[in-house]
Amino acid sequence: MELLLQDKTLLMTGGTSRLGQALVRKAAREGARVFFTFFKSFRAAQELEETGAQGFSLDLANVPAVDRFAALFKEKTKGLDILIHNAAATADAPIHKMSEAQWDAVMRVNLKAPFYLTQKLLPLLLRRTPSKVFTLVSRAGIHGLAGASNYAASKGGLIAMTQALARELGREKVLVNAVNPGFMRSSMTAHVPDEVLQKNLQESPLQTFSDPEEVADFLIYLSSDRMRQVTGQVFHFESRSF
Ligand SMILES: NC(=O)c1ccc[n+]([C@@H]2O[C@H](COP(=O)([O-])OP(=O)(O)OC[C@H]3O[C@@H](n4cnc5c(N)ncnc54)[C@H](OP(=O)(O)O)[C@@H]3O)[C@@H](O)[C@H]2O)c1
């Protein structure tokens, strides 16, 4: 049976996220050599390593730590086929209460780290043709989200960065695309009040939340050699976005 990611090397941040766990497991099953980063979820990371994937504890808000990780990763691998920027932080507050620290923390993890990690690992990506970079974005980055201007700005910036890098790196056959997974039940959305959840559902034509397994399947397909000519796109699972 053909494995979609046979002999591919894949690195994703936030492997311990709801979406990340599905993706790590599926990528390993599809034959990829899988590496992932995580922050605090040591137990989940340990369980994921049973798939053969290798996890690295890394605070993406800490630039020197990201630097050290990139140097270590370059020693470990000869090339990188797929880089997925999936980790994300939130620190919600209305504008009059949002501290500079809350603003910076979210921008560092959600926007600066994807820039910095892509820059540091670019030499590895350039050794594979084509190689692929994915960012996980959000409806908030296009339509905004009240009480989360830091998160919305970080995801809007990430969409713009995705499109800029697609233009910049296209000639070198690095494909760069964004996926908005839609509203998934995860630690990120656990605090959302029930009435907001119900409103979201009612506004969605399909009247369902997104299934992380389906989002992971889509990313696996995009990561495979079946997709070689798509770059600079934002794919939406969020049906309210059209
Ligand atoms: N859930 C949704 O409804 C939704 C909607 C639209 C877009 N998205 C996007 O989809 C992606 C996955 O979302 P999710 O809901 O599956 O996420 P999640 O379950 O909330 O997990 C967040 C991930 O980010 C990692 N992380 C947080 N702060 C970090 C830091 N300082 N350094 C390194 N890693 C850090 C966490 O690591 P540890 O667990 O190890 O601490 C975890 O792996 C995110 O980019 C999110 O913005 C989600």
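Computed from a predicted structure; not experimentally measured. (Residues numbered from 1 in each chain as written. Predicted model: local features only at pLDDT ≥ 70, side-chain atom pairs only at ≥ 80, totals over all residues. Heavy atoms only, no water.)

Caption draft 1: Structural context of the sheet that holds strand β6 (residues 174–180). Strands sit in the order β3-β2-β1-β4-β5-β6-β7 across an open sheet of 7 strands; the sheet is parallel. Both edges of this open sheet fall to β3 (54–57) and β7 (234–236), since each of them pairs with a single strand only. Each strand of the sheet is rotated relative to its neighbour by a mean of 20 degrees, with strand direction disregarded. Bridging between strand β1 (residues 9–12) and strand β4 (residues 82–85) involves 3 bridges; their strand directions are parallel. Looking across to β4, one finds that L11 is bridged to L83. (Pairing = 2+ DSSP bridges. Helix = DSSP H or I, 4+ residues; strand = E, 2+ residues; numbered from the N terminus. Axes fitted to C-alpha atoms, helices over the stretch in contact; angles between N-to-C directions.)

Caption draft 2: Geometry of the packing of aromatic side chains. Going through the model one piece at a time under the given rule, you end up with 10 aromatic pairs. Between the aromatic rings of F36 and F38, the centroid separation amounts to 6.2 Å while the plane-to-plane angle is 45 degrees, which identifies the pairing as tilted. There is no split in this pair, since F36 and F38 are both buried. Relative to F237, the ring of F218 has its centre 5.5 Å away and its plane inclined at 75 degrees; by these criteria the two rings are edge-to-face. Of the two residues, F218 sits in helix α8 (residues 212–223) while F237 sits in the segment after β7, which places them 19 residues apart along the sequence. A residue is classified by how much of its surface remains accessible, and F218, at 24% relative accessible area, is partly exposed. By way of ring pairs, the aromatic residues F35, F56, F69 and F73 are connected into one cluster. (Phe/Tyr/Trp six-rings, centres within 6.5 Å; stacked < 30°, edge-to-face > 60°. Buried < 20%, exposed > 50% of the residue type's maximum accessible area, 1.4 Å probe, protein only.)

Caption draft 3: Seen up close, the pairing of β4. Where burial is concerned, the two faces of β4 agree: the one with I82 and I84 and the one with L83 and H85 are both buried. As paired strands, β4 and strand β5 (residues 131–136) are joined by 4 bridges and run parallel to one another. From the neighbouring strand, I82 faces β5, where its bridge partner is K132. After leaving β4, the chain enters helix α4 (residues 100–125) and then returns to the sheet as β5, a path that is right-handed. (Right-handed = clockwise from strand over helix to strand, strands pointing away.)

Caption draft 4: Broad picture of the environment of F38. Structurally, F38 can be placed in strand β2 (residues 33–38). Once you skip the residues sitting within four places of it in the chain, F38 turns out to touch T16, A45, G55, F56, S57 and L58. (Contact = heavy atoms within 4.5 Å.)

Caption draft 5: Layout of the site of the ligand. The local shell around the ligand holds 30 residues, among which S41, N86, Y151, M184 and S186 are the closest. At 3.0 Å from a nitrogen atom of the ligand is found a side-chain nitrogen or oxygen belonging to D59. K155 is positioned with one of its side-chain polar atoms (N or O) 2.9 Å from an oxygen atom of the ligand. The protein chains hide 91% of the 920 Å² of surface that the ligand would expose on its own. Elements supplying a minimum of two residues to the shell around the ligand: α1 (18–29) and α6 (149–169). Residue composition of the shell around the ligand, by class: 15 nonpolar, 11 polar and 4 charged. (Near = heavy atom within 4 Å. Polar contact = N/O pair within 3.5 Å; in protein donor to acceptor, adjacent residues only side chain to side chain. Areas by Shrake-Rupley, 256 points an atom, 1.4 Å probe, with all protein chains shown as cover. Nonpolar A, V, L, I, M, F, W, Y, C, P; charged D, E, K, R; others polar.)

Caption draft 6: Representation of the pairing of β5. With respect to burial, β5 is a largely interior element, 6 of its 6 residues being buried. Residues of β5 alternate between two faces, with S131, V133 and T135 on one and K132, F134 and L136 on the opposite face, all of them buried. Inspection of the sheet shows β5 paired to β6 by 6 bridges, in the parallel sense. Across the sheet, residue K132 finds its bridge partner in β6, namely L175.

Caption draft 7: Spatial organisation of helix α2 (residues 42–49). Within the sequence span of α2, burial applies to A44, A45 and L48. What you see down the axis of α2 is that its buried residues fit within an arc of 100 degrees, all on one side. Summarising the geometry of α2, the exposed residues directed more than 90 degrees from the buried face are R43 and Q46. Looking at the buried positions of α2, the neighbouring elements they touch are α1 and β2. (Arc of directions from axis to C-beta.)

Caption draft 8: Region of the structure containing the environment of K74. As for its placement among the helices and strands, K74 is situated in helix α3 (residues 63–76). Taking the C-alpha atoms as reference, K74 lies 33 Å from D211; in sequence the two are 137 residues apart.

Caption draft 9: Focus on the pattern of salt bridges. The final tally for this structure, using the stated rule, is 8 salt bridges. A salt bridge links R128 to D81; its shortest N-O distance comes to 2.6 Å. Separated by 47 residues along the polypeptide, R128 in the loop between α4 and β5 and D81 in the loop between α3 and β4 bring together distant segments of the chain. Judged by relative accessible area, which is 23%, R128 ranks as partly exposed. With a relative accessible area of 7%, D81 lands in the buried category. Via salt bridges that share partners, K8, D225 and R228 belong to a single interconnected network. (Salt bridge = Lys/Arg side-chain N within 4 Å of Asp/Glu carboxyl O.)

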